[in-house]
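# Remarks on the overall topology
So the chains spell out like this:
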Amino acid sequence: MSEQNKPSIVFAHGIWADGSCFQKLIPTLQAEGHEVTAAQYGLDTLRGDVDATIRNFRRVSGPIVLVGHPYGGAVITHAGVDPRVTAIVYIAALGPDETETSQSLQAKFPTTDVFQNIDVADGRVC
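Figured I'd write up the structure that's included with this text. If you're wondering where the values come from, they're calculated on a predicted model, not measured in any experiment.

## Describing unusual backbone geometry
Positive phi, normally seen in glycine, also occurs at Leu 43, with a value near 60°. Mapped onto the elements of the fold, Leu 43 is located in the loop between strand 2 (36–38) and helix 2 (46–55). Not every positive phi belongs to a glycine, and Ala 92 is a case in point at roughly 45°. Looking at where Ala 92 falls in the secondary structure, it is placed in the loop between strand 4 (85–90) and helix 4 (102–106).

## Quick look at the nonpolar core
Val 10, Tyr 41, Phe 57, Ile 64, Leu 66 and Val 75 are the most contacted members of the largest nonpolar core, which has 16 residues in total. Listing elements by their share of this core, those giving two or more residues are strand 1 (8–12), helix 2, strand 3 (64–68) and helix 3 (71–79). Residue contributions to this core peak at 5 residues, all from helix 3. Residues within four places of Ile 64 in sequence aside, it is in contact with Ser 8, Val 10, Phe 57, Arg 84, Val 85, Thr 86 and Ala 87. Of all hydrophobic cores here, the second largest spans 9 residues; its members include Phe 11, Phe 22, Ala 38 and Val 67.

## Observations concerning the packing of aromatic side chains
The final tally for this structure, using the stated rule, is 2 aromatic pairs. Ring geometry for Phe 11 versus Phe 22: centroids 4.3 Å apart, planes at 15°, classification stacked. One end of the pair, Phe 11, is in strand 1; the other, Phe 22, is in the loop between strand 1 and helix 1 (26–31), and 11 residues separate them in sequence. Note on Phe 22: relative accessible area 5%, which makes it buried. Centre to centre, the rings of Tyr 41 and Tyr 71 are 6.3 Å apart; their planes meet at 70°, and the pair counts as edge-to-face. Within this pair, whereas Tyr 41 is found in the loop between strand 2 and helix 2, its partner Tyr 71 is found in helix 3, the two being separated by 30 residues in sequence. What makes Tyr 41 buried here is its relative accessible area of 8%.

## Overview of the sheet that holds strand 1
One open sheet accounts for 4 strands, arranged 2-1-3-4; its pairing is parallel. The sheet terminates laterally at strand 2 and strand 4, the two strands that pair on one side only. When the angles between neighbouring strand axes are averaged without regard to direction, this sheet yields 20°. Looking at chain direction, strand 3 and strand 4 are connected through 5 bridges and run parallel. Looking at strand 4, one finds that Leu 66 is bridged to Ile 88.

Rules used throughout
Residues numbered from 1 in each chain as written. Predicted model: local features only at pLDDT ≥ 70, side-chain atom pairs only at ≥ 80, totals over all residues. Heavy atoms only, no water. Helix = DSSP H or I, 4+ residues; strand = E, 2+ residues; numbered from the N terminus. Core = buried A, V, L, I, M, F, W, Y, C linked by side-chain atoms within 4.5 Å. Buried < 20%, exposed > 50% of the residue type's maximum accessible area, 1.4 Å probe, protein only. Contact = heavy atoms within 4.5 Å. Phe/Tyr/Trp six-rings, centres within 6.5 Å; stacked < 30°, edge-to-face > 60°. Pairing = 2+ DSSP bridges. Axes fitted to C-alpha atoms, helices over the stretch in contact; angles between N-to-C directions.

Shown next as structure tokens:
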């Protein structure tokens, strides 16, 4: 496949990281001829995070493969409706249906002890 036909890749991160968590993958994919970017979003609202991810589409050309890790799965589910998106890849990620939220998905399973050590202030994880 020629480099002109290779899809662009846009990564979406989880709540415990930022776009830099993909820094080891990006050079390898670029060396294979893909345009690659990692969305940076503020984790303030799902809509805001989806919009920030979609803004990254302007930074690449051609068809787009969206890749999401944990919470990034919820982000790419919503951003994936863009007509340039040809594939969505979930890496240990949430994949909510249209009526589900990340919270409603996680509520289906027992909580782990890690959540006992998390503080939330002003609606944000601290």
